[in-house]
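Survey of secondary and tertiary structure
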Amino acid sequence: MENKNMTMFDLLIETHIGLKRQGPGSPEMTMRALSFVDNLNEESYIADLGCGTGGQTMVIAQNTIGHIIGVDMIPNFIDIFNQNVKQLHLENRVTGIVGSVEELPFKKEELDLIWSEGVIDGIGFEKAVTYWNGFLKKGGYLAVTCPSWLTDECPSEVEKFWVDAGSGLDSIENNISILQNTGYRFISSFTLSEECWIQNYFAPREAAEKSLLEKYSGNQMVEAYIEGDRREVELYTKYKQYYGYVFYIGKKI
Ligand SMILES: C[S@@+](CC[C@H](N)C(=O)[O-])C[C@H]1O[C@@H](n2cnc3c(N)ncnc32)[C@H](O)[C@@H]1O
């Protein structure tokens, strides 16, 4: 079926809206990062930036006390986020709002914890951690995932893919230095498991895209969109020892 007004961005939303997560990750990895955070109480304010439909936010909410605000630029994702909040009876302390993570609706030094999985590379690691630092209280935590090089060797095929996607990878060492130079004490970092990519993200995305191919049979834009995602899977399968998502945890000095 042809839909002349459909864009690649619409396809991205349609592919991801029914998934538990919109990027690589897992409840176990979220919990591991959360285990480094020791400053939360009932009065705490936590922001989950680029929360998507809230896969990781609900894990954080069920394992912390305090208030959580999820921020994402896609209203359809925030609608699902808030439906998930209701289903889990978390409305009294968790809310999803539409907004930009580059123009936060918070006061300076208001937050106890900034969480962000799968968003920062699109903005730039240094730019984002510098800007977000201003919204954290002294002693507040930052926990972010960012695709990073895992070895000194950086295959050009992978580099080109990420640069073309509007991002780019840096080494773990460089990202840690950036944290240390932008007002954080480095607390920990660890690499997300392969399962986070393959079982938790690529497999459900492929299933959603199979349905899209049936729904929009013969639509060249849909085929091109899905081809781009297939390429991402192919590259990860071939080069996964060289790059991966890394969790970085810092504490505002
Ligand atoms: C890779 S997905 C990750 C979603 C979720 N955190 C997860 O890990 O499942 C990135 C999310 O960030 C959102 N996003 C990207 N850039 C943004 C921006 N500048 N402001 C707000 N949201 C943004 C996208 O809409 C998308 O939901």
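- As recorded by an unreviewed UniProt entry, the chain carries the name Arsenite methyltransferase and is attributed to Clostridium facile.
- The UniProt entry for the chain carries the following comment under Sequence similarities (unreviewed entry): "Belongs to the methyltransferase superfamily. Arsenite methyltransferase family."

**Some thoughts on helix α8 (residues 172-181)**
- Along α8, the residues that are buried comprise N175, I176, I178 and L179. The buried residues of α8 occupy an angular sector of 155° when projected down its axis, which confines them to one face. Along α8, exposed side chains directed more than 90 degrees from the buried face belong to E173 and N181.
- Those residues of α8 hidden inside the fold are in contact with α6 (125-133), β5 (136-149), β6 (170-171), β7 (184-191) and β8 (243-252).
- Just downstream of α8 lies G183, where phi reads positive at about 100°.

**Notes on the side chain of D48**
- On the secondary structure map, D48 appears in strand β1 (residues 45-49).
- Buried and unpaired, D48 has no salt bridge, with R21 as the nearest side chain of opposite charge at 7.8 Å.
- Looking at D48, its side chain comes within polar contact range of the side chain of T57, at 2.7 Å.
- With sequence-adjacent residues up to four places away left out, D48 is seen in contact with Q56, T57, I69, G70, V71, W115 and S116.

**Quick word on the packing of aromatic side chains**
- Using the criterion set out here, one finds 15 aromatic pairs in the structure.
- Between the aromatic rings of W162 and Y243, the centroid separation amounts to 6.2 Å while the plane-to-plane angle is 75°, which identifies the pairing as edge-to-face. Within this pair, whereas W162 is found in helix α7 (residues 156-164), its partner Y243 is found in strand β8, the two being separated by 81 residues in sequence. In this structure, W162 and Y243 share a single accessibility class: buried.

**Considering the nonpolar core**
- Counting residues in each nonpolar core, the largest one holds 40 residues, and the members touching the most others are W115, Y243 and F247.
- Sorting elements by how many residues they give to this core places helix α9 (residues 194-215) first, with 5 residues.
- Every residue in contact with F247, bar those within four places of it in the chain, is listed here: M29, T30, A33, W115, E117, A143, V144, T145, S188, S189, F190 and L192.
- One finds I69, I123, I176 and L179 within the second-largest nonpolar core, a separate group that totals 27 residues.

**A look at the side chain of S188**
- Relative to the assigned elements, S188 resides in strand β7.
- On the basis of relative accessible area, S188 is assigned to the buried category, the value being 13%.

**Thoughts on the site of the ligand**
- The full set close to the ligand counts 18 residues, and R21, Q22, G50, D72 and E117 are the nearest of them.
- Between the ligand and the protein, one listed contact pairs a nitrogen atom with a backbone N or O atom of V101 at 3.0 Å.
- One of the backbone nitrogen or oxygen atoms of E117 is found 2.8 Å away from a nitrogen atom of the ligand.
- When its residues are assigned to classes, the shell around the ligand shows 6 nonpolar, 8 polar and 4 charged.

Rules used throughout
- Residues numbered from 1 in each chain as written.
- Predicted model: local features only at pLDDT ≥ 70, side-chain atom pairs only at ≥ 80, totals over all residues.
- Heavy atoms only, no water.
- UniProt positions renumbered as here; feature names shortened; annotations may be inferred.
- Buried < 20%, exposed > 50% of the residue type's maximum accessible area, 1.4 Å probe, protein only.
- Helix = DSSP H or I, 4+ residues; strand = E, 2+ residues; numbered from the N terminus.
- Arc of directions from axis to C-beta.
- Contact = heavy atoms within 4.5 Å.
- Lys, Arg positive; Asp, Glu negative; His and termini not counted.
- Salt bridge = Lys/Arg side-chain N within 4 Å of Asp/Glu carboxyl O.
- Polar contact = N/O pair within 3.5 Å; in protein donor to acceptor, adjacent residues only side chain to side chain.
- Phe/Tyr/Trp six-rings, centres within 6.5 Å; stacked < 30°, edge-to-face > 60°.
- Core = buried A, V, L, I, M, F, W, Y, C linked by side-chain atoms within 4.5 Å.
- Near = heavy atom within 4 Å.
- Nonpolar A, V, L, I, M, F, W, Y, C, P; charged D, E, K, R; others polar.

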